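Here's the letter readout for the chains.
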Amino acid sequence: MLYPWQQTLWQNWQLLLGQKRLHHAVLLLAEKGSGREVLAKQLARTVLCQNCDTEPCGVCHSCKLFEAETHPDFHYVAPVEEGKQIGVDTIRQCNRWAVETSQLGGQRVILIDHADSLGEAAANALLKTLEEPPADCQFILTAQSLDNMLPTINSRCNKWRLTMPNEDDTKRWVEQQMMQSIKLEAVRLNSGAPLATLQFVEQGQDIRHGNLIEAFTAFSQPPFTGIYEVAGLCTSEGRASLKWLSYFLVDCIKYQQGVSNCFVHSESLNKVQAVAAAVNPAVLLSQVRKVNELHRQLEMHSGLNEELLIVEWLTGFISHG
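Throughout this description, residue numbers start from 1 for each chain and increase along the sequence as written. Given that the model is predicted, a residue must reach a pLDDT of at least 70 before its local features are reported, and side-chain atom pairs must reach 80 or more before they are shown or counted; all residues, however, enter totals for whole chains, interfaces and linings. Only heavy atoms go into the side-chain values, all of them from the structure, while hydrogens and water stay out.

Colleague: Before we go on, may I ask you to explain the overall build of the chain in this structure?
Modeller: By definition, any uninterrupted DSSP run of H or I lasting at least four residues is a helix, any uninterrupted run of E lasting at least two residues is a strand, and each is numbered from the N terminus. Secondary structure summary: the chain contains 15 helices and five strands in total. Reported as C-alpha extents along the three principal axes, the dimensions of the chain are approximately 75 × 45 × 30 Å. Contact criterion: two residues are considered in contact whenever any of their non-hydrogen atoms come within 4.5 Å of each other. Once local pairs closer than 6 in sequence are excluded, the contacts in the chain between residues at least 24 apart make up 69%. Only the protein chains shown count as cover for residues, and all accessible areas are computed by the Shrake-Rupley method using a 1.4 Å probe. Carbon together with sulfur atoms contributes 48% to the accessible area of the chain, which is approximately 16400 Å² in total. Taking the 27 positively charged and 35 negatively charged side chains of the chain as two groups, their mean positions are separated by 4 Å. Charge assignment in this entry is limited to Lys and Arg as positive and Asp and Glu as negative, and neither His nor the chain termini are counted. Think of each charge as sitting on NZ of Lys, CZ of Arg, CG of Asp or CD of Glu.

Okay, here's the thing in structure tokens:
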């Protein structure tokens with residue numbers, strides 16, 4: 001089942017499928033938490049369906065195999081774990097699949113999820129196949145953005161961007177799934193992505209986010225006690241906590257500059273006001289840059305002492321206090 005915000009794009013694809021004009025390489029650009037894999041697999045299932053051109057029938061042999069995840073002509077590729085690259089050997093295997101004969105006598109589909117995780121060698125290996133596509137082979141690529149993809153790969157694909165619903169619609173959808181009200185803040189912290197927001201609230205991250213912001217606000221006031229409490233909350237939550245603090249500090253900067261109507265953390269306005277009043281604007285700006293750099297550092301290098309680095313960053317507020 002597709003999600004409501006995917007219907008418009010899906011209808012566009014259905015039109016092309018019905019006219020047999022779907023490009024041999026489709027690139028779906030969508031936010032994390034948008035359910036893009038569901039949409040990509042719906043396209044794959046439809047391409048492989050033996051009875052219908054524009055939607056999976058659900059009853060043919062191909063659809064049954066796809067549902068059982070044993071379809072011999074469907075190949076799914078993704079990073080082994082989040083943050084890792086897709087290696088060149090994996091793409092070479094994709095290239096071999098692309099030229100094989102279909103076992104069911106129809107199309108072959110290769111779905112590369114997180115295509116923005118392709119290493120340079122892997123991307124170059126894929127490029128050769130996309131430039132001279134084998135007959136009856138459909139490539140489907142998904143990515144969050146084009147920033148980390150080779151321009152040559154982009155130019156060989158037909159690009160589609162999945163638009164997220166507006167904040168109110170996302171909030172309403174999540175509330176319907178959970179049968180409870182949620183804060184708009186939770187939606188904004190997840191860039192409006194409905195599934196990311198749902199997971200955020202289901203896992204209690206909204207509560208832990210509130211606890212972190214409250215602890216940080218108390219720490220930011222002289223005499224700057226509670227540094228290890230804040231660091232401990234950050235460490236237990238992981239790198240996401242640094243993004244939360246970055247967003248919060250940006251709100252404080254906006255408040256200092258008189259921008260009163262575009263808070264990411266609208267429900268935390270009193271805390272934004274408290275920090276904005278206590279911390280020098282130049283310090284806030286410097287600390288935002290440093291926390292973003294720390295986030296990148298922790299993403300790129302494993303084995304670092306996170307708590308020590310976070311305490312060191314927090315000390316920047318005390319030394320300028």
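Colleague: In this structure, what is going on with the packing of helix α9 (residues 194–202) against helix α10 (residues 205–219)? I would like to understand it.
Modeller: The geometry of a pair of packed helices is captured by two quantities: the angle between their axes and the separation between those axes. Where α9 meets α10, the closest approach of the two axes is 5 Å, and the angle between their N-to-C directions is 70°. The angle between the axes of α9 and α10 places the two elements in the roughly perpendicular class. Contact residues: Gln-199, Phe-200 and Val-201 in α9; Gln-205, Asp-206 and His-209 in α10. Just so you know the grouping, Ala, Val, Leu, Ile, Met, Phe, Trp, Tyr, Cys and Pro go in nonpolar, Asp, Glu, Lys and Arg go in charged, and all remaining residues, Gly too, go in polar. Across the contact of α9 with α10, the residue classes tally to two nonpolar, three polar and one charged. Working convention: axes come from line fits to C-alpha atoms, limited for helices to the stretch in contact. Angles between N-to-C directions cover 0 to 180 degrees. Here the angle decides the label: under 35 degrees means roughly parallel, over 145 means roughly antiparallel, 65 to 115 means roughly perpendicular, and every other value means oblique.

Colleague: Teacher, can you tell me more about the sheet that holds strand β1 (residues 25–29) here?
Modeller: By way of backbone hydrogen bonds, the strands of a sheet pair with one another, either parallel or antiparallel. Pairing between strands is defined by DSSP: at least two bridges between them are needed. Spatially, the five strands line up as an open sheet ordered β2-β3-β4-β1-β5, and their pairing is parallel. Every other strand in the sheet has two partners, leaving β2 (74–77) and β5 (158–161) as the edge strands with one partner each. Between one strand and the next, the sheet's axes are offset by a mean angle of 15°, whatever the strand orientation. Note: β1 against strand β4 (residues 137–143), five bridges, orientation parallel.

Colleague: How should I be thinking about the side chain of His-71 in this particular structure?
Modeller: For His-71, the location among the structural elements is in the loop between α3 (61–67) and β2. When sequence neighbours within four positions are dropped, the list of residues in contact with His-71 reads Leu-48, Ser-62, Leu-65, Phe-66 and Leu-104.

Colleague: Is there a simple way to explain unusual backbone geometry in this structure?
Modeller: When glycine is set aside, most residues are seen to have a negative phi, and most peptide bonds are trans. Residue Pro-223 is reached from Pro-222 by a cis peptide bond, and omega for that bond is 15°. Looking at the secondary structure, you find Pro-223 in the loop between α10 and α11 (227–237). We note that Asp-136 has phi near 60°; this positive angle belongs to a residue other than glycine. Unlike most non-glycine residues, Met-179 shows phi in positive territory, near 55°. With respect to the helices and strands, Met-179 occurs in the loop between α7 (167–178) and α8 (184–189). The exposed category is assigned to Met-179, whose relative accessible area is 76%. Only protein chains enter the calculation, and the probe is 1.4 Å; a residue is then buried if its accessible area is under 20% of its type maximum, exposed if over 50%, and partly exposed in between.

Colleague: Just to check I follow, could you spell out the packing of aromatic side chains for this structure?
Modeller: Two aromatic rings, taken as a pair, are described by how far apart their centres are and by the angle between their planes. Aromatic contacts are taken between Phe, Tyr and Trp rings whose centres are within 6.5 Å, Trp giving its six-membered ring; a plane angle under 30 degrees counts as stacked, one over 60 as edge-to-face, and the others as tilted. In total, this model carries 13 aromatic pairs according to the counting rule given. When the centroid spacing of 5.0 Å and the interplanar angle of 90° are considered together, the rings of Trp-5 and Trp-173 count as edge-to-face. Of this pair, Trp-5 sits in the segment before α1 (7–18) while Trp-173 sits in helix α7, and the two are 168 residues apart along the sequence. As far as burial versus exposure is concerned, Trp-5 and Trp-173 are alike and both buried.

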